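Coordinates in review
Next come the chains, spelled out residue by residue.
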Amino acid sequence: MATDVRTRPVHPVDEVLPAPKLAIYGFQHVLAFYAGAVIVPILLANAIGLNTQQLIHLINADLLTCGIASIIQSVGFWKVGVRLPLLQGVTFTAVSPMIAIGLAAGGGTDGLLVIYGAVIVAGLATFFAAPYFSKLIRFFPPVVTGSVITIIGIALLPVAAGDAVGGAGDSADPSSGKNMAYALGTLFLIVLIQRVFKGFMATVAVLIGLVSGTAIAWLLGDATFDAIATSDWVGVTTPFYFGWPKFSFAAIVSMLVVMLITAVETTGDVFATGEIVKKRVGREDVARALRADGLSTTIGGVLNSFPYTCFAENVGLVRLTRVKSRWVVASAGVFMIVLGLIPKAGALVAGIPYPVLGGAALAMFATVAVVGFQTLSRVDFHDHRNVVIVATAVGLAIYVTVQPGVAQAVPDWAEILFGSGITLGSLTAIILNFVFFHIGKDIGPAVAGEPGSLIRLDQVNAMEREEFVATFGGLFQGPDWVVERAYDQRPFTDTGDLRHAFQEALFAADPAEQNELIAAYPDLGGRQVQEGESGPDSAQEQGVHGLTYLPEEEQAEIDRLTDAYRGRFGIPLITCVRDVQDVKALVAQGYERLDNAPVQERQTALIEIAKIAGHRFDALVADANPIHTARAR
């Protein structure tokens, strides 16, 4: 007897691709990651006065530890590592605090040792605190995670733009047509490949763009690889290369704050990646990701590197390429370990011109923001509290991103907050969500009434049937059974849930009730609408295209259409006028519907009734939410 053996399908995240694809996709991640990976040691070394050889060692140590950290996060073991395609890199949030710590300790290697002491302690604290932080996941609804993800994408775009004009500092030249050509040419090539090709070619579009742009720049003399000749073949970092770490209470406190903010950023990146790869993210996933951050940060302190977090740049690459396997990131980790051990290989990758890298980064970073937009699409923006949270968080993030000098206007302890748009915007979203939704009585969004006499969601859920019908009965013409049955579906969690209750009641009714409702609606452009017999809502809706005061010839045409329609189907011609462009389109659509079968037209009439009720519901909610009304206009 044959045995029916059924294997459980493998999620794309856990799929192990063939070795050649793992190598190519992984190398693409390295190329997208490299510039961001080395910028932190470069900035720190320049600020605290390290020499060139010390800087080279920092870069090698950074790349080596990045590879180890990425493997820990993507492959995972025990309760460490989220097992998603997330690359680990040094957090930009730590740059300003580390410079401050290093300078306060005298700069040079003395400052570096105090930094490493704080990094090690903060890493251990993050590792052990991870399960407790993950229990706070209820404070990260879509309005928070969507805001954070959007802010991450938007705040990274100036970094891409800076690369596109030639890099930071004296090399930047926004007026250079050559820089613009390299950046836009690389971006155009990536878009072209995505449009023309499918399958494998589309997934390596960023890699092709970077390699092609670099090759052209080299042929034209704008890319140099001289550093390869002067770099060693092997460069191995050893634990505590610069000496035993030193521990300072103030430095440790500062780094603990960095790791708290990093935990927020990691949470956002985990949710963003979960959205991209279609894998549900829960409390335990966040805890595993944070444990990996803590362990990697501790290893970084030992191996002469810095605090680690999920790298937002590569979240965008996962979205752009649609390659979801976490083993691709693991292969990228192997590449980075190799780069960390072979300085000549690192020098080769470092030869990519800034404008070419910037052109590719524009596409990758923007896709992170798009993920945030998608997350925010699940937010109930009829609730003005959500509008305030998103608007304030994004506004403050852009404020400090566009004007980084504002960090100098605050005390030293606050520079960590105002030195990063991602940090300030993320914390703003979290704090405002807590203030609006978790402190005091949750009064819910206003769903009816006008300012001064608002009816909020908690009041709707507490209404008697008669009051509920009186409040919402105007959504439909004629009988009240739709509203009465919607009432039976209480409690409502938000305005979307309330809207769905009316829709379900309408389409779940028996045919006789539906026919009664259809018959209660006036004909399109009918006399009863013009004379106000059908109520002010019908007059206002049909008045959108002037159906209440048509010229005689157009009125005659409408009358012929509605008479023919009623003669064929026995019901009034019901159309949601707001969704049609003009009177001419209304008439043309009506005549097209005359060719339909009666059963189809009956369903069409119900759909049009639902659309009309939807617009009336929106108007009811907008009257109760002036901020939403202003935004919609």
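Described below are features of the structure shown in this document. (Residues numbered from 1 in each chain as written. Predicted model: local features only at pLDDT ≥ 70, side-chain atom pairs only at ≥ 80, totals over all residues. Heavy atoms only, no water.)

Re the overall build of the protein chain
If you tally the helices and strands in the protein chain, you get 29 helices and four strands. By the burial criterion, 52% of the 633 residues in the protein chain qualify as buried. The long-range share in the protein chain, meaning contacts at least 24 apart out of those at least 6 apart in sequence, stands at 79%. Summing over all exposed atoms, the protein chain offers an accessible surface of approximately 28,000 Å²; the carbon and sulfur share of this is 61%. (Helix = DSSP H or I, 4+ residues; strand = E, 2+ residues; numbered from the N terminus. Buried < 20%, exposed > 50% of the residue type's maximum accessible area, 1.4 Å probe, protein only. Contact = heavy atoms within 4.5 Å. Areas by Shrake-Rupley, 256 points an atom, 1.4 Å probe, with all protein chains shown as cover.)

A closer look at the environment of Tyr116
With respect to the helices and strands, the residue Tyr116 is situated in helix H4 (residues 108–134). Residue class for Tyr116 comes out buried when judged on its relative accessible area of 3%. When the C-alpha positions of Tyr116 and Pro245 are compared, they lie 5.6 Å apart, and in sequence the two are 129 residues distant. Beyond its immediate chain neighbours, meaning those up to four positions away, Tyr116 contacts Leu58, Phe242, Pro245, Gly301, Asn304, Ser305 and Phe306. There is a polar contact of 2.9 Å between the side chain of Tyr116 and the backbone oxygen of Asn304. (Polar contact = N/O pair within 3.5 Å; in protein donor to acceptor, adjacent residues only side chain to side chain.)

Quick notes on empty space enclosed by the protein
Taken as a whole, this structure holds three cavities of 30 Å³ or more when the rule is applied. Space inside the largest cavity adds up to approximately 110 Å³. In this structure, the largest cavity is lined by 13 residues; those nearest its centre are Tyr521, Glu541, Gln542, Thr575 and Ile612. Secondary structure elements with two or more residues in the lining of the largest cavity: helix H25 (536–542) and helix H28 (598–624). When residues of the lining of the largest cavity are assigned to their parent elements, the largest contribution, three residues, is made by H25. Among the residues forming the lining of the largest cavity, the class breakdown is seven nonpolar, four polar and two charged. As a volume, the second largest cavity reaches approximately 100 Å³. What lines the second largest cavity is Leu475, Phe476, Arg499, Phe502, Gln503, Leu506, Ala610, Ala613, Gly614 and Phe617. Elements with a contribution of two residues or more to the lining of the second largest cavity: helix H22 (495–507) and H28. Of the residues belonging to the lining of the second largest cavity, the class tally is seven nonpolar, two polar and one charged. (1 Å grid on protein atoms, 1.4 Å probe; cavity = no way out; pocket = protein on both sides within 12 Å on 5 of 7 lines; lining within 4 Å. Points joined across faces, edges and corners; volume = space filled by probe spheres on them. Nonpolar A, V, L, I, M, F, W, Y, C, P; charged D, E, K, R; others polar.)

Re the packing of aromatic side chains
Summed over the entire model, instances satisfying the criterion amount to 13 aromatic pairs. Through a chain of ring-to-ring contacts, the aromatic side chains of Phe468, Phe472, Phe476, Tyr487, Phe492, Phe502 and Phe617 assemble into a single cluster. (Phe/Tyr/Trp six-rings, centres within 6.5 Å; stacked < 30°, edge-to-face > 60°.)

Re the side chain of Asn596
Within the secondary structure, Asn596 is located in the loop between helix H27 (583–593) and H28. The exposure class of Asn596 is buried, given its relative accessible area of 18%. Here the side chain of Asn596 touches Glu601 through a polar contact of 2.7 Å, side chain to side chain. In this view, Asn596 contacts Arg568, Phe569 and Glu601; residues no more than four positions away in its chain are not counted.

A look at helix H8 (residues 205–219)
Between the first and last C-alpha of H8 there are 21 Å, a value that for 15 residues agrees with the 21 Å anticipated at 1.5 Å per step. All buried positions along H8 are accounted for by Ala205, Val206, Leu207, Gly209, Leu210, Gly213, Thr214 and Ala217. Gly221 occupies a position one or two residues after H8 and carries a positive phi of about 85 degrees. (Expected span 1.5 Å × (residues − 1).)

What to know about a negative patch on the surface
There is a patch of like negative charges on the surface, built from Glu464, Glu466, Glu467, Asp480 and Glu484. Following the sequence through the fold, Glu466 ends up in helix H20 (residues 465–472). (Patch = residues over 30% accessible without salt bridge, like charges linked within 9 Å, V, L, I, M, F, W, Y side chains within 5 Å. Salt bridge = Lys/Arg side-chain N within 4 Å of Asp/Glu carboxyl O. Lys, Arg positive; Asp, Glu negative; His and termini not counted. Charge placed at Lys NZ, Arg CZ, Asp CG, Glu CD.)

Regarding the packing of helix H5 (residues 142–164) against helix H18 (residues 421–438)
One can describe the packing of H5 onto H18 by two numbers: an axis separation of 9 Å at closest approach and a directional angle of 165 degrees. Judged by the angle between their axes, H5 and H18 are roughly antiparallel. Taken as a pair, H5 and H18 cross one another with a handedness that is right-handed. Contacts between H5 and H18 pair Val143, Val144, Ser147, Val148, Ile151, Ile152 and Ala155 from the former with Gly421, Ile422, Gly425, Ser426, Ala429, Ile430 and Asn433 from the latter. Looking at the contact of H5 with H18 residue by residue, the classes come out as nine nonpolar, five polar and no charged. (Axes fitted to C-alpha atoms, helices over the stretch in contact; angles between N-to-C directions. Parallel < 35°, antiparallel > 145°, perpendicular 65-115°, else oblique. Left-handed = near helix turned anticlockwise from the far one by under 90°.)

Some words on the pattern of salt bridges
Throughout the structure, instances matching the rule amount to ten salt bridges. The residue Lys279 makes a salt bridge to Asp14 at a minimum N-O spacing of 3.6 Å. Taken together, the residues Lys279 in the loop between helix H10 (249–277) and helix H11 (283–302) and Asp14 in the segment before helix H1 (19–48) connect sequence positions 265 residues apart. The class of Asp14 is partly exposed, set by a relative accessible area of 26%. For the salt bridge of Arg465 with Asp488, the shortest nitrogen-to-oxygen distance reads 2.6 Å. Placement of Arg465 in helix H20 and of Asp488 in the loop between helix H21 (481–487) and H22 is noted, with a sequence separation of 23 residues between them. Judged by its relative accessible area of 30%, Arg465 falls in the partly exposed class. The network of salt bridges with shared partners includes Asp14, Lys279 and Arg326.

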